[in-house]
Amino acid sequence: MTTIQEGTTDRESMKRDYYKLFINGEQVDSSNGERTKIYNPATGELLAEVAKATKEDAEKAVRAARDSFDKGKWKITPAGRRARVLNKIAEIMGARFNELVELEILNTGKSLAAAKGQIAQAIEDFEFYAGAIVGHGGSVNNVPGQFHNYTEKEPLGVCAQIIPWNYPLMMAAWKIAPAIAAGCSVVIKPASLTPLTAIILGEICHEAGVPAGVVNIVPGSGSEIGNYLVEHELVNKVAFTGSTAIGKDIMARAAGTVKRVTLELGGKSPSLVFEDADIDAAVDGSLYGAFNNTGQSCDARSRIYIHENVYDEFVEKFIAKTEKLAVGDPFSKATHMGAIIDQAQLDTVKMYVQSAIDEGAEILTGGKELKPEGYENGFWYAPTIIGNVTQDMKVVREEIFGPVVVVSKFKDEKEAIFLANDSDYGLASSIWSTNTATTTRVANQIQAGIVMINTPFSAFPGTPFGGFKQSGFGRELSAGSLDLYTETKSIMSYFGSRPVNPFGL
């Protein structure tokens, strides 16, 4: 296996120049021959070309998924056999770990450490659902007299799954693994900016023994291909990770065919640092919570509220460590923060920072575009801390999706909870305190799907991940996610000695 080395981007042998669609177990060109150019965010250079799916291609993918579900054997394959295939997928991904890490870095500009962790979790997702599906089933229920009731879990059908650009392979694994474990067929639309590892994952699924048509990958326009899949009458479910605005649109479009919908949407997650917190631990955890994946995370803790008595100490240490973050060569083990995904997102980050300045906030550190040596043509922004903010500012209320965090004070527990919940979003949150009574009380009152106590980590395979309010609904990454891909059928039988005659005729 090729070893990922530092200090060079000359890795042409580890990638293709052209990636095709993956439909019905085959690599195919788009129906009109169109391609999308994919760029390396760290360098701005052309990385590869990808076949751009048309509605005709999406139709072929849906029909392949439908036929594989209705006429194929995957949905009736015993759970233990499906589990072995999922474990085989994980095994192949492990054998190709370096290649997947490399492609993810080249396609996203993220750091080596971030990419390694995310690919490792993607592998663990398949291993987790291989185990979870074996224990997933129905129940026997209490009913009156001479009746017997039990339930069965049946695969839902064809699932359209729309993947974001910030965690391309990991998010694909979060969605594909439970769906195929449950016996469903899927059509994946990866993000237009970052489709490479999702295409490779489709090929790996087929290599591992997933039948043709069960996993299909159709990169293309979200407004065209995404909407086509959402509205398609042969698609039974849509799973989407992305912005709240698009999530709302998907809900409206899916209503026409009464599809199941799972939405993991935006976030503006708070971190609460109490007076009795271990300040050094809170600083280190907040650093990761805010700037991991270059802040391009839906669960980024981008609002930090600190008790007024420890505010100055925390902010001083937080600024000092933020300024030590290494930004640059994504393949270097020393790099903490990679590139912004593209020019449009870089412009968005710059716009939000400027809005904070215009509204009277103070840039405590950062607040500028960067040009790391050797990567001057890429898209880079300094890790940024903004102080002197108010709750009505854009940088406090809206998701930025970049390395920008705001800091503010609170005077007591009641105000901390109010500030944390004063948001349209409710995905994640962190609490820093050495008092378990405090952390328990506050966690119970935080309006968020994930509460992290004295840790910045929000997700491991087996732990439910999802949001409150406009951060969406449905939970991924846990055994309960299998229920999102199955129908519950209730079966009632009568075993009495006399026929049932309710009308007495």
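Because the structure is predicted, anything quoted here is derived from the model rather than measured.

Criteria and thresholds
Residues numbered from 1 in each chain as written. Predicted model: local features only at pLDDT ≥ 70, side-chain atom pairs only at ≥ 80, totals over all residues. Heavy atoms only, no water. Helix = DSSP H or I, 4+ residues; strand = E, 2+ residues; numbered from the N terminus. Rg over C-alpha atoms; globule rule 2.2 N^0.38 Å. Buried < 20%, exposed > 50% of the residue type's maximum accessible area, 1.4 Å probe, protein only. Contact = heavy atoms within 4.5 Å. Areas by Shrake-Rupley, 256 points an atom, 1.4 Å probe, with all protein chains shown as cover. Lys, Arg positive; Asp, Glu negative; His and termini not counted. Charge placed at Lys NZ, Arg CZ, Asp CG, Glu CD. Pairing = 2+ DSSP bridges. UniProt positions renumbered as here; feature names shortened; annotations may be inferred. Patch = residues over 30% accessible without salt bridge, like charges linked within 9 Å, V, L, I, M, F, W, Y side chains within 5 Å. Salt bridge = Lys/Arg side-chain N within 4 Å of Asp/Glu carboxyl O. Phe/Tyr/Trp six-rings, centres within 6.5 Å; stacked < 30°, edge-to-face > 60°. Lys NZ or Arg CZ within 6 Å of the ring centre and 35° of its normal. Axes fitted to C-alpha atoms, helices over the stretch in contact; angles between N-to-C directions. Parallel < 35°, antiparallel > 145°, perpendicular 65-115°, else oblique. Left-handed = near helix turned anticlockwise from the far one by under 90°. Nonpolar A, V, L, I, M, F, W, Y, C, P; charged D, E, K, R; others polar. Core = buried A, V, L, I, M, F, W, Y, C linked by side-chain atoms within 4.5 Å.

Asks: Is there a simple way to think about the overall build of the protein chain in this case?
Replies: Scanning the protein chain for helices and strands turns up 14 helices and 23 strands. The C-alpha radius of gyration of the protein chain comes to 24 Å, within 12% of the 23 Å expected for a compact globule of 505 residues. When the backbone C-alpha atoms are referred to their principal axes, the protein chain occupies close to 80 × 55 × 40 Å. Across the 505 residues of the protein chain, 57% fall into the buried class. In the protein chain, of all internal contacts separated by at least 6 residues, the share reaching a separation of at least 24 is 75%. Just so you have it, the protein chain exposes about 20500 Å², and 50% of that area is on carbon and sulfur atoms. For the protein chain, the distance from the average site of its 49 positive side-chain charges to the average site of its 61 negative ones is 7 Å.

Asks: How should the sheet that holds strand β6 (residues 140-141) be read in this particular structure?
Replies: Strand pairing in a sheet relies on backbone hydrogen bonds, with the paired strands running either antiparallel or parallel. Overall, antiparallel pairing links the 3 strands, which are arranged β6-β7-β23 in an open sheet. Two strands bound the open sheet, and with one partner strand each, they are β6 and β23 (486-494). Of the pairings in the sheet, the one linking β6 to strand β7 (residues 147-155) comprises 2 bridges and is antiparallel in character. Paired with Val 140 across the two strands is Tyr 150, which belongs to β7.

Asks: Mind showing me how you'd approach the pairing of strand β4 (residues 35-39) here?
Replies: Residues in a regular strand project their side chains so that they alternate between the two faces of the sheet. Bridge count for β4 against strand β5 (residues 46-51) is 5 bridges, and the pairing is antiparallel. By the bridge assignment, Thr 36 is partnered in β5 with Val 50. From the end of β4 to the start of β5, which pair antiparallel, there are 6 residues, and Gly 44 there has a positive phi angle of about 75°.

Asks: Any chance you could explain the UniProt feature "domain: Aldehyde dehydrogenase" (unreviewed entry) in the protein chain here in plain terms?
Replies: Under the feature "domain: Aldehyde dehydrogenase" (unreviewed entry), the UniProt entry names residues 30-491. End C-alpha to end C-alpha, residues 30-491 measures 45 Å, and it is 39% helix and 20% strand.

Asks: It is not clear to me how the UniProt feature "active site" (unreviewed entry) in the protein chain should be interpreted in this structure. Could you clarify?
Replies: UniProt records the feature "active site" (unreviewed entry) for Glu 264 in the present numbering. Here Glu 264 lies in strand β12 (residues 260-264). Its relative accessible area of 3% is what places Glu 264 among the buried residues. In this structure, Glu 264 is in contact with Phe 240, Thr 241, Gly 242, Cys 298, Leu 427, Phe 465, Ser 471 and Glu 476, ignoring residues within four places of it in sequence.

Asks: Would you take a moment to explain a negative patch on the surface for this structure?
Replies: On the surface, Glu 275, Asp 276, Glu 308 and Asp 412 cluster together into a negatively charged patch. Its place among the elements puts Glu 275 in the loop between β13 (269-273) and α9 (279-291).

Asks: Got a minute to help me understand the packing of aromatic side chains in this structure?
Replies: To describe a pair of aromatic rings, one takes the distance between the centres and the angle between the planes. On inspection of all chains with the given rule, the structure shows 10 aromatic pairs. Pairing Phe 274 with Phe 410 gives two aromatic rings, centres 5.2 Å apart and planes at 65°, and the pair type is edge-to-face. Of the two residues, Phe 274 is situated in the loop between β13 and α9 and Phe 410 in strand β17 (residues 404-410); the sequence distance between them amounts to 136 residues. Comparing Phe 274 with Phe 410 shows no difference in burial state: the two are buried. Their ring planes at 65° and their centres at 5.9 Å tell us that Tyr 375 and Trp 380 sit as a pair that is edge-to-face. We note that Tyr 375, like Trp 380, is buried. Ring pairs connect the aromatic residues Tyr 288, Phe 457 and Phe 460, which therefore count as one cluster. One residue, Arg 35, lies across the ring of Tyr 18, its end atom 3.6 Å from the ring centre. Above the ring of Phe 69, the side-chain terminus of Lys 75 is found at 4.5 Å from the ring centroid.

Asks: What exactly am I supposed to notice about the packing of helix α5 (residues 168-181) against helix α6 (residues 196-208) here?
Replies: Relative orientation and spacing of two packed helices are given, respectively, by the angle between their axes and the distance between those axes. Between α5 and α6, whose axes approach to 9 Å, the crossing angle comes to 40°. One way to sum up the angle between α5 and α6 is to call them oblique. Crossing geometry of α5 relative to α6 is assigned as right-handed. Contact residues: Pro 168, Leu 169, Ala 172, Ala 173 and Ile 176 in α5; Thr 197, Leu 201 and Cys 205 in α6. Per-class residue counts for the contact of α5 with α6 are 7 nonpolar, 1 polar and no charged.

Asks: Sorry if this is basic, but what is going on with helix α13 (residues 413-421) here?
Replies: The periodicity of an α-helix, 3.6 residues per turn, causes residues three or four positions apart to be oriented the same way. For α13, the complete set of buried residues consists of Ala 416, Ile 417, Leu 419, Ala 420 and Asn 421. Next to the buried residues of α13 lie β13, β14 (301-307), β17, α14 (436-445) and β21 (468-469).

Asks: I'm lost on the nonpolar core in this one. Help?
Replies: Soluble globular proteins tend to pack their nonpolar side chains together in the buried interior. With 76 residues, the main nonpolar core has Ile 89, Met 93, Phe 126, Ile 176, Ile 180, Leu 201 and Val 215 as its most contacted residues. Excluding residues within four positions of it along the chain, Ile 180 makes contact with Trp 74, Arg 82, Leu 86, Ile 89, Phe 126, Val 210, Val 214 and Val 215. If you look at the next biggest cluster of nonpolar residues, it comprises 30 residues, including Tyr 305, Tyr 352, Ile 400 and Leu 419.

Asks: How do you make sense of the side chain of Ser 355 when you look at a structure like this?
Replies: Inspection of the secondary structure assignment puts Ser 355 in helix α11 (residues 343-358). Once residues within four sequence positions are removed from consideration, Ser 355 is found in contact with Lys 394 and Val 395.

Asks: Would you mind going over the sheet that holds β14 with me for this structure?
Replies: Reading across from one edge, β15-β16-β17-β14-β13-β19-β20 is the order of the 7 strands in this open sheet, with mixed pairing throughout. The sheet is open, and its two borders are formed by β15 (362-365) and β20 (450-453), each paired with just one other strand. The mean inter-strand angle of the sheet, taken between neighbouring strand axes irrespective of direction, is 25°. Relative to strand β19 (residues 428-432), β13 runs parallel, the two being bridged by 3 bridges. In the sheet register, Ser 271 faces β19, and the bridge partner there is Ser 430.

Asks: I tried to follow the packing of helix α7 (residues 222-231) against helix α8 (residues 244-254) on my own but got confused; where do I start?
Replies: It is the contact of α7 with α8, at a shortest axis distance of 8 Å, that shows an interaxial angle of 40°. Relative to α8, the element α7 lies oblique. Crossing angle aside, the handedness with which α7 passes α8 is right-handed. Seen from α7, the contacting residues are Asn 227, Val 230 and Glu 231; seen from α8, they are Asp 249, Ile 250, Arg 253 and Ala 254. Grouping the amino acids of the contact of α7 with α8 by side-chain chemistry returns 3 nonpolar, 1 polar and 3 charged.

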